[in-house]
Amino acid sequence: TVDRSGATVTGTTKVSESGLSCATSYTFVVTCSDKNGHAASASKAVSTLTCGSAGGGGGGGGASKPIINSVTEIKPGAATVVRYTDPALGVKQIGIEVTNPAQNVKITVTKYESKPAEVSVAKTGNVYQYLKIDAQNLGTNLNKASVLFKVEKSWASGNALDKDKISVYKFDESSGKWNELATTFSSEDDTYYYYDAEVSSFSYFA
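Just so we're clear, the structure is a prediction, and the values are computed from it rather than from any experiment.

Asker: Residues and numbers for the sheet that holds strand E6 (residues 80–83), please.
Answerer: Sheet architecture is open: 5 strands sit in the order E6-E7-E10-E14-E13, paired in antiparallel fashion. The open sheet is flanked by E6 and strand E13 (183–188), the only strands paired with a single partner. For this sheet, the mean angle separating the axes of adjacent strands, direction not counted, is 20°. Here strand E10 (residues 142–152) runs beside strand E14 (residues 192–199); their pairing, made up of 8 bridges, is antiparallel.

Here's what the structure looks like:
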């Protein structure tokens, strides 16, 4: 039996799926049982491909399905942390600190395959991922946000990049420039390097 993000399908030695949503993360839990009642399970998170690139204009990159997290209330004094589990997304979590209480805050993260159409200048060098982070109902209450970005080790090694040579950039829409953020290497696991970057507003990132 296979549990795919809450939907159960069955098979003998192989299960075929169709009709999945594009640019979506799914977690498959496979349980195998023998005739004596012994069973064991294993899980794996996978992501489907994006829906396609946006055509025309400046040739902007196709956007993935936006991931939206809602927070009922954010209060001053401590950071409210929003976590992300999508393996294809280059963000693990966002910590938000406010100066005044904010209600019904929606944090939207969108991943792009290449330069977003709304961004006038492509980032030079090896770009792991373009992202847009947007916050609704924060107004002027944002004090600062700490974003924990992640980069696949295999991508870094494939581009001959040491973990200390990776930085986060934020696009300044008023000047049309990519500004390097103070990027701190945080940790690593078997698959990813993690980097902390502090921001005072949200925009496009690379």
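Asker: Please provide a residue-by-residue account of the side chain of Ser203, values included.
Answerer: Summarising the element assignment, Ser203 is placed in the loop between E14 and strand E15 (204–205). Given a relative accessible area of 7%, Ser203 falls into the buried group. One polar contact links the side chain of Ser203 to the main-chain carbonyl oxygen of Phe171, over a distance of 3.0 Å. In this structure the side chain of Ser203 is engaged in a polar contact, spanning 3.5 Å, whose partner is the side chain of Glu173. Those residues within four positions of Ser203 in sequence are excluded, and the remaining contacts are Leu131, Lys132, Ile133, Lys170, Phe171 and Glu173.

Asker: Describe the packing of aromatic side chains, naming the residues involved and giving the relevant values.
Answerer: Centre-to-centre distance and the angle between the planes together describe a pair of aromatic rings. For the structure shown, the criterion picks out 8 aromatic pairs. Relative to Trp155, the ring of Tyr128 has its centre 5.2 Å away and its plane inclined at 65°; by these criteria the two rings are edge-to-face. Taken as a pair, Tyr128 in the loop between strand E8 (102–112) and strand E9 (130–136) and Trp155 in helix H1 (residues 153–158) lie far apart in primary sequence, 27 residues in all. Classification of Tyr128 by relative accessible area gives partly exposed; the value is 22%. For Trp155, a relative accessible area of 18% gives the class buried. Measuring from centroid to centroid gives 5.8 Å for Phe149 and Phe205, while their planes differ by 50°, and the two rings are tilted. Taken together, the residues span a long stretch of sequence, with Phe149 in strand E10 and Phe205 in strand E15 at a distance of 56 residues. The exposure classification of Phe149 matches that of Phe205, with both residues buried. The structure contains a cluster of three or more aromatic residues connected by ring pairs, namely Tyr130, Phe171 and Trp178. In this structure, Lys92 is placed above the aromatic ring of Tyr194, and the distance from its NZ or CZ to the ring centre is 4.7 Å.

Asker: Explain the pairing of E13 to me, and be specific about the residues and the numbers.
Answerer: Pairing between E13 and E14: 5 bridges, direction antiparallel. Bridge pairing in E14 links Thr184 to Asp196.

Criteria and thresholds
- Residues numbered from 1 in each chain as written.
- Predicted model: local features only at pLDDT ≥ 70, side-chain atom pairs only at ≥ 80, totals over all residues.
- Heavy atoms only, no water.
- Pairing = 2+ DSSP bridges.
- Helix = DSSP H or I, 4+ residues; strand = E, 2+ residues; numbered from the N terminus.
- Axes fitted to C-alpha atoms, helices over the stretch in contact; angles between N-to-C directions.
- Buried < 20%, exposed > 50% of the residue type's maximum accessible area, 1.4 Å probe, protein only.
- Polar contact = N/O pair within 3.5 Å; in protein donor to acceptor, adjacent residues only side chain to side chain.
- Contact = heavy atoms within 4.5 Å.
- Phe/Tyr/Trp six-rings, centres within 6.5 Å; stacked < 30°, edge-to-face > 60°.
- Lys NZ or Arg CZ within 6 Å of the ring centre and 35° of its normal.

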